[in-house]
2 protein chains.
Amino acid sequence: MPEELRQDEYELLARIAHRYYVDDSTQEAIAREFGLSRPKVQRLLDRARRAGVVDIHIQAPPWLNLDLEDELRRTFRLVDVIVSPPRPDPRSQREAVARSAARYLERRLADASVVAVSHGRDAGEIPRFFRPERRLDCAFVSAMGGSPRVDAPTNPNEICRALAERSGGRAVMLYAPAYVEHAEIRDELLRQEAVADTLRLAAQADVALLGIGGTDDDCTMVRSGCLSTDEMARLRNQGAVGDVLGNYVDVRGRPVAAPHQDRLIALTVEDLRRIGTAVAVVSEAEKPRAVLGVLRSGVIDVLVVDEPNARAVLALAREDGSGDDGGPVRMDPAGEVIDRSVLS
Amino acid sequence: MPEELRQDEYELLARIAHRYYVDDSTQEAIAREFGLSRPKVQRLLDRARRAGVVDIHIQAPPWLNLDLEDELRRTFRLVDVIVSPPRPDPRSQREAVARSAARYLERRLADASVVAVSHGRDAGEIPRFFRPERRLDCAFVSAMGGSPRVDAPTNPNEICRALAERSGGRAVMLYAPAYVEHAEIRDELLRQEAVADTLRLAAQADVALLGIGGTDDDCTMVRSGCLSTDEMARLRNQGAVGDVLGNYVDVRGRPVAAPHQDRLIALTVEDLRRIGTAVAVVSEAEKPRAVLGVLRSGVIDVLVVDEPNARAVLALAREDGSGDDGGPVRMDPAGEVIDRSVLS
DNA sequence: CCCACTGTTGAGCAATTGATCGCCGCTCCC
DNA sequence: GGGAGCGGCGATCAATTGCTCAACAGTGGG
């Protein structure tokens, strides 16, 4: 309780709060009854809430982590966070997260939505659980090229196809590899109309469905052959902790220049920032630092994550300075540059 | 809980309620976020409250009886009820009630208020505790004549004087006895300008401060000599249980014709009904039936009462039929005749 | 197969609420 | 004593909320 109350104050607050919250009187009526002005009643009600005289408790299902979600949302200035309950093994954990993400998409998508889709094992699980109540006239667009060296259902094109199939929407494929040998080849590819059209559409998406990659030698970027283990080690030395669509960041959220950047065929960070709702889906247990870095980079709007990771990320964030204050300047959700020094 | 919820419904309600009550999102924002229309969010929030997902608890001081007040207010359709905590002995009980009533008056009275004041031991205690924060330019007007046979501080004139003294207001006395020998004398008195003026002003009061009398042989009406013990016994036989300003009612709230009615110098029930806020102050332990009858008669708007009486009145009311359904027709607080059959 | 009926939906509007602002009275320091 | 600063006050207005209503979908009965 932020302030102490005298006995008669306490009594008045309780009386007014009771009238308002239990009896559903209007502030106006209470004001008349108690001989106060309406704004004064408002202030008293405010005070009653702040002083804990009014105690609003949400009887939440025990498997929900609303407070954890709240803390993440506030710490990283996210629009939405969904924390799914813990599971004993990684496989069912991934499924639980994917189910939550699917539910979120079902709620979030409307006709004419355009969804940019990245690769990743977590994202790859989502279609299995995606079951909109009605047909959705959406477009699912690959935001990245494919790789034959990882499981097919992990490739953006496949994820798009599956999501489109289940919702009655349309899949827009990116017929290009995730990476090529030389920058020249990439530039050539980007000039191809089929490739350019798809990436242009992806860049205009309302929603982006993203995985967060780690920096271990088993991560998707390495397994897909995009980066060698040597290159990955070098990235780690440079401080990289994780990536979104191949864009690596350090633990403070600052971009880390990567050797493969100009060989990659995917949306850029700038493209992502312009997308209204960037949804990151994460379930793997070794990733809290990756998640922390990416969240701090400010590209993510919505996070779907398992409970252990959620707790780990917050613990890390508390350890080394609050939430997202990585750089001196970042983008706010609306996309303007804001000076951190003026923020709360 | 009036209805059962499926698991996912429960989850949605909890999520939305949390967003609304804990995060202070607007319904609009929640609707956008969850892909619902705003009215739908409103209905879901409603449901969350009704289903007990949202639990608003007022941390009331333990000495307040807000729920008891509520029940009285609802049962007897009162505008306001103040229940003061129980005391071991009648004397301090009366003081506690008087203190509550004084607090109420302090809140309720404004400059230019006109207060009609009745007699009674309970009302007589009020001035001692009446201490408005600032000078009040009110008029306190006797609503009844006086009697030398009861303690001076129990007479309306004295109560008025004391209240006026303590608030800086003005006392308007009724220079007449509470009762006379014959109706003719009363009528003659009522024609006297001094008497008529005072009663006319009292009839125009905003607030009436009333005691509730019982029907035992020790009640104020008998002690003041207005009624003989024989007459009182006859009244009891007729079913009378209590009075306000000498107007007796039975336990169902119906008026009981009394022998002294036309010898009495006081406001009539009709006058009382026209007064916006009729406040009854009761503390004596033997009076629950009197209070019940008077409340059911519908003249009272505000009740100030001790906790034991409050409980006793409610218990009695529950025993012999609900609250105030005494007669087929009664006045509502606004003063119009309303058909009880159309009420809730 | 059609139609009445019931329950649900969101548009639109009126009431309620939250927030800003200038004002007033108080205190405290000069 | 006088003035600056502060906190609380209520008028006022914009935002939010509650509510009504017409339209609609689903359902069961004719």
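The following paragraphs examine the structure supplied in this document. (Residues numbered from 1 in each chain as written. Chains lettered and ligands numbered in written order. Predicted model: local features only at pLDDT ≥ 70, side-chain atom pairs only at ≥ 80, totals over all residues. Heavy atoms only, no water.)

### Some remarks on the interface of chain B and chain A
Moving on, step 1. Every contact between the two is made by 39 residues of chain B and, on the other side, 39 residues of chain A.
Moving on, step 2. Counting the surface chain B buries against chain A, the share from its top three residues, Arg15(B), Ile58(B) and Arg107(B), is 18%.
Moving on, step 3. Put simply, chain B and chain A have 4 salt bridges between them.
Moving on, step 4. The salt bridge involving Glu69(B) is made with Arg15(A); its shortest N-O contact spans 2.8 Å.
Moving on, step 5. Counting every contact that joins chain B to chain A gives 16 residue pairs in polar contact (both at pLDDT 80 or more).
Moving on, step 6. Where the side of chain B that touches chain A is concerned, the elements lending two or more residues are helix 1 (7-22), helix 2 (27-34), strand 1 (54-58), helix 4 (66-75) and strand 2 (80-84) of chain B.
Moving on, step 7. It is helix 1 of chain B that provides the largest number of residues to the side of chain B that touches chain A, a total of 10 residues.
Moving on, step 8. When grouped by side-chain class, the residues that make up the side of chain B that touches chain A number 18 nonpolar, 6 polar and 15 charged.
Moving on, step 9. Summarising the sheet, strand 1 (residues 54-58) of chain A and strand 1 of chain B pair through 5 bridges and their orientation is antiparallel. Residue pairing in the sheet places Asp55(A) in a bridge with His57(B) of strand 1 of chain B. (Contact = heavy atoms within 4.5 Å. Buried area = accessible area lost by both parts, 1.4 Å probe. Salt bridge = Lys/Arg side-chain N within 4 Å of Asp/Glu carboxyl O. Polar contact = N/O pair within 3.5 Å; in protein donor to acceptor, adjacent residues only side chain to side chain. Helix = DSSP H or I, 4+ residues; strand = E, 2+ residues; numbered from the N terminus. Nonpolar A, V, L, I, M, F, W, Y, C, P; charged D, E, K, R; others polar. Pairing = 2+ DSSP bridges.)

### Topic: the protein's contact with DNA strand D
Moving on, step 1. Contacts to DNA strand D come from Ser37(A), Arg38(A), Pro39(A), Lys40(A), Arg43(A), Tyr20(B), Thr26(B), Gln27(B), Arg38(B) and Gln42(B).
Moving on, step 2. A share of 47% of the atoms of DNA strand D within 4 Å of the protein falls on sugar and phosphate groups.
Moving on, step 3. For DNA strand D, a base nitrogen lies 2.6 Å from a polar atom in the side chain of Arg43(A).
Moving on, step 4. For the surface near DNA strand D, the secondary structure elements donating two or more residues are helix 3 (38-50) of chain A together with helix 3 (38-50) of chain B.
Moving on, step 5. A per-element tally of the surface near DNA strand D places helix 3 of chain A first, with 4 residues.
Moving on, step 6. By residue class, the composition of the surface near DNA strand D is 2 nonpolar, 4 polar and 4 charged. (Near = heavy atom within 4 Å.)

### Here we look at the protein's contact with DNA strand C
Moving on, step 1. Lining the immediate surroundings of DNA strand C are Tyr20(A), Thr26(A), Gln27(A), Arg38(A), Gln42(A), Ser37(B), Arg38(B), Pro39(B), Lys40(B) and Arg43(B).
Moving on, step 2. Considering DNA strand C, the proportion of its atoms within 4 Å of the protein that are sugar or phosphate atoms stands at 49%.
Moving on, step 3. Between DNA strand C and Ser37(B) there is a distance of 2.7 Å, counted from a phosphate oxygen to a side-chain nitrogen or oxygen.
Moving on, step 4. Between Arg43(B) and DNA strand C, the recorded distance is 2.7 Å, taken from a side-chain N or O atom to a base nitrogen.
Moving on, step 5. Among the secondary structure elements, those contributing two or more residues to the surface near DNA strand C are helix 3 of chain A together with helix 3 of chain B.

### Describing the packing of aromatic side chains
For any pair of aromatic rings, the description consists of the separation of the ring centres together with the inter-plane angle of the planes.
Residues and elements named next belong to chain B.
Moving on, step 1. This model, assessed by the stated rule, comprises 4 aromatic pairs over all chains.
Moving on, step 2. Where Tyr 20 meets Tyr 21, the ring centres are 5.0 Å apart and the plane angle is 90°; that geometry is what we call edge-to-face.
Moving on, step 3. Among the residues examined, Tyr 20 registers a relative accessible area of 27% and is labelled partly exposed. (Phe/Tyr/Trp six-rings, centres within 6.5 Å; stacked < 30°, edge-to-face > 60°. Buried < 20%, exposed > 50% of the residue type's maximum accessible area, 1.4 Å probe, protein only.)

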